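Observations on chain architecture
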Amino acid sequence: MTYIFEIMGPLLDGSGVTLKVFFITLVLSMPLGLALALIRVSHFRFASGLVSGYIWLMRGTPLMLQMLFIYFALPWVPVVGVRLPDFPAAIVAFTLNYAAYFAEIFRSGIQSVDRGQYEAAQVLGMNYVQTMRRIILPQVVKRVLPPISNETITLVKDTSLIYVLAMNDLLRAARGIVQRDFTTMPFVVAAAFYLIMTLVLTWGFHRLEKRYAVYEG
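The model shown is predicted, which means the values in this text are computed figures rather than measured ones. (Residues numbered from 1 in each chain as written. Predicted model: local features only at pLDDT ≥ 70, side-chain atom pairs only at ≥ 80, totals over all residues. Heavy atoms only, no water.)

The terminal C-alpha atoms of helix α8 (residues 185-211) lie 39 Å apart, and with 27 residues this matches the ideal 39 Å at 1.5 Å per residue to within 8%. Within α8, the full set of buried residues consists of P186, V189, A190, F193, Y194, M197, T198, L201 and F205. On its buried face, α8 is in contact with α1 (2-40), α6 (128-158) and α7 (170-181). (Helix = DSSP H or I, 4+ residues; strand = E, 2+ residues; numbered from the N terminus. Expected span 1.5 Å × (residues − 1). Buried < 20%, exposed > 50% of the residue type's maximum accessible area, 1.4 Å probe, protein only. Contact = heavy atoms within 4.5 Å.)

Following this line, the structure appears as structure tokens:
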């Protein structure tokens with residue numbers, strides 16, 4: 001037990017980095033995903049096609065590869081030529097990747113709403129924006145909570161990928177202690193940290209699902 005308290009400091013510091021990546025990614029990727037979903041289901045075929053291609057690209061390639069590309073290859077891309085530090089590079093990669101997944105979740109939620117509700121909104125004199133804001137999106141939120149919950153929990157675990165950029169996250173901190181002390185206990189403590197995070201998220205989303213449950217008679 002004394003040893004666990006001794007290693008707790010570095011692991012807590014690593015958890016801070018992990019949580020920072022998690023929360024920033026969530027705050028940025030969800031609105032971007034919703035915007036992409038609205039474009040995806042719009043009648044603007046060119047824009048919808050571009051978004052479809054973007055989603056296909058981001059979902060079809062590994063997140064780690066995207067992160068390495070943004071960090072190492074982006075400076076060599078013509079016109080762009082920007083070199084990002086490790087933390088911004090990780091945030092950009094995670095945001096772009098998870099926005100694609102959230103976009104598909106929101107798209108499926110939007111398309112699950114009965115077409116008659118759009119027609120009813122038109123009869124009431126609502127434009128497209130008003131229809132989405134007042135009629136469609138409130139129902140979408142209820143329907144997409146379960147898949148968003150799953151994706152958010154996956155995000156917690158995916159944050160461990162930032163170790164490839166030599167960022168001192170929870171997993172890298174644990175690995176450093178393991179290599180120093182020749183014991184696997186830091187991995188056990190790190191696993192407990194991840195389980196606590198996912199437990200809190202699971203509990204929070206469960207409460208939200210109960211609150212916004214859709215009852216069909």
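Past the structure itself, the notes keep going.
Under the UniProt annotation, "domain: ABC transmembrane type-1" (unreviewed entry) lies at residues 15-206. Each end of residues 15-206 is marked by a C-alpha atom, and these two atoms are 24 Å apart; helix forms 80% of the span and strand 0%. (UniProt positions renumbered as here; feature names shortened; annotations may be inferred.)

By the element assignment, S15 lies in helix α1. In this structure S15 comes out as buried when scored by relative accessible area, which is 5%. Here S15 is in contact with L170 and F193, once residues within four sequence places are set aside.

For the rest of this paragraph, the subject is the confidence of the model for the protein chain. Segments scoring low in pLDDT should not have their predicted coordinates read at a detailed level. Scored by pLDDT, the protein chain has a mean of 89; 98% of the residues are at 70 or more. Helix α2 (residues 45-60) holds the highest mean pLDDT among the elements of the protein chain, 95, whereas helix α5 (residues 115-123) holds the lowest, 77. (pLDDT = per-residue confidence, 0-100.)

Running from N to C, α1 and α6 point in directions that differ by 135 degrees, and their axes come no closer than 11 Å. Classified by the angle between their axes, α1 and α6 sit oblique to one another. Along this stretch, α1 crosses α6, giving a crossing that reads as right-handed. Along its contact with α1, which presents F22, T25, L26, M30, L34 and L38, the element α6 presents Y128, M132, L137, I148, T152, L155 and V156. Residues belonging to the contact of α1 with α6 are distributed by class as follows: 11 nonpolar, two polar and no charged. (Axes fitted to C-alpha atoms, helices over the stretch in contact; angles between N-to-C directions. Parallel < 35°, antiparallel > 145°, perpendicular 65-115°, else oblique. Left-handed = near helix turned anticlockwise from the far one by under 90°. Nonpolar A, V, L, I, M, F, W, Y, C, P; charged D, E, K, R; others polar.)

A few words on the packing of aromatic side chains. According to the stated counting rule, one finds five aromatic pairs in the structure shown. Ring geometry for Y71 versus F72: centroids 4.7 Å apart, planes at 85 degrees, classification edge-to-face. Overall, Y71 belongs to the buried group, its relative accessible area being 17%. Measuring from ring centre to ring centre gives 6.2 Å for Y98 and Y101, while their planes differ by 45 degrees; the resulting arrangement is tilted. With a gap of three residues between them, Y98 and Y101 both fall in helix α4 (residues 86-112), about one helical turn apart. (Phe/Tyr/Trp six-rings, centres within 6.5 Å; stacked < 30°, edge-to-face > 60°.)

Right, let's talk about the pattern of salt bridges for a bit. Oppositely charged side chains are able to pair whenever their charged atoms sit close together. A complete count under the given rule lists three salt bridges for this structure. Here E104 makes a salt bridge to R107, at a shortest N to O gap of 3.0 Å. Here the residue E104 and the residue R107 both occupy positions in helix α4, the gap between them amounting to three residues, near one helical turn. As far as burial versus exposure is concerned, E104 and R107 are alike and both buried. When the shortest N-O distance is used, the salt bridge between D181 and R180 registers 2.8 Å. You can call D181 partly exposed: its relative accessible area is 27%. Taking relative accessible area as the criterion, R180 reaches 55% and is therefore assigned exposed. (Salt bridge = Lys/Arg side-chain N within 4 Å of Asp/Glu carboxyl O.)

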